[in-house]
Structure formats: C-alpha cells, structure tokens
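Residue-level structure breakdown
The primary structure of each chain is shown beneath.
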Amino acid sequence: SQRTYVRIGDYVFCIGWCTAVGTNSGAMTGLPFVSRLTGSGKARGCGSVGYQNQDSSETWQTMVSENAATFNFRFNGAVYLVNGEEVHFNLYYCVE
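Report on the accompanying structure. The structure displayed is predicted, hence computed values, not measured ones.

A word on the side chain of serine 65
- Note on placement: serine 65 falls in the loop between strand 5 (61-64) and strand 6 (70-74).
- By relative accessible area, which is 16% here, serine 65 ends up buried.
- Of the polar contacts made by the side chain of serine 65, one reaches the side chain of threonine 70; its length is 2.9 Å.
- With residues near it in sequence (within four places) discarded, serine 65 still touches Ala27, Ser35, Arg44, Thr70, Phe71 and Asn72.

The structure is reproduced here in structure tokens:
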C-alpha cells in the first residue's frame, strides 16, 4: 500500500492505494493529521474510490473519521474491504 498527501492551510489532500490483509470492517489508519471536530463549522472530509476489484458494480466513497487520523471505505452505509482486494482512493479533510 502507499499514500501521499499535501497540506495547504487547514486542508489535507491524500491519494493512495492498498490491498487488504484479512477482512477489514473498521477504520483504515495512517492519515498524516487528526481531522477536525464536525462541530467546528467545517465538514471533516470525504473522497472517492477510483478503482476497487471487490465488486465492479459498486461505487465506493471514503469518509474521514471525526477527530481522528483514520478513514473508512463506504458503500450504501457499509464499511468493508475483503482479504486480497485492492482499492485506489483519494480524500480531503479539514484539520485544526
């Protein structure tokens, strides 16, 4: 897996890819900064998945966790990534 980012002021922009080891139904770790609290007047962040080989009929998104350096892959409210599957993503979020 690989991730890269750029921070401009209060905003962080990330791109990356990863391959699941085991089934991941929780948060992905490794964001470079902790996200802002939602109640601080700005959205915490989200993004999109450009490619995933788990199910080509699904369109996934990314959602940054509140007040954390983690994010999830989302599809119809579900959070999952199955062992051996690959995903390429981008996301942006606000920091304090």
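The rest of the description comes next.
A few points about the pattern of salt bridges
- With the rule as written, the count across this model stands at one salt bridge.
- Residue arginine 36 pairs with aspartate 10 through a salt bridge whose shortest N-O separation is 3.2 Å. Of the two residues, arginine 36 is situated in the loop between strand 3 (28-29) and strand 4 (45-52) and aspartate 10 in the loop between strand 1 (2-8) and strand 2 (11-19); the sequence distance between them amounts to 26 residues.
- Residue classification places arginine 36 among the buried positions, given a relative accessible area of 7%.
- The exposure class of aspartate 10 is partly exposed, given its relative accessible area of 30%.

Calculation criteria
- Residues numbered from 1 in each chain as written.
- Predicted model: local features only at pLDDT ≥ 70, side-chain atom pairs only at ≥ 80, totals over all residues.
- Heavy atoms only, no water.
- Helix = DSSP H or I, 4+ residues; strand = E, 2+ residues; numbered from the N terminus.
- Buried < 20%, exposed > 50% of the residue type's maximum accessible area, 1.4 Å probe, protein only.
- Polar contact = N/O pair within 3.5 Å; in protein donor to acceptor, adjacent residues only side chain to side chain.
- Contact = heavy atoms within 4.5 Å.
- Salt bridge = Lys/Arg side-chain N within 4 Å of Asp/Glu carboxyl O.

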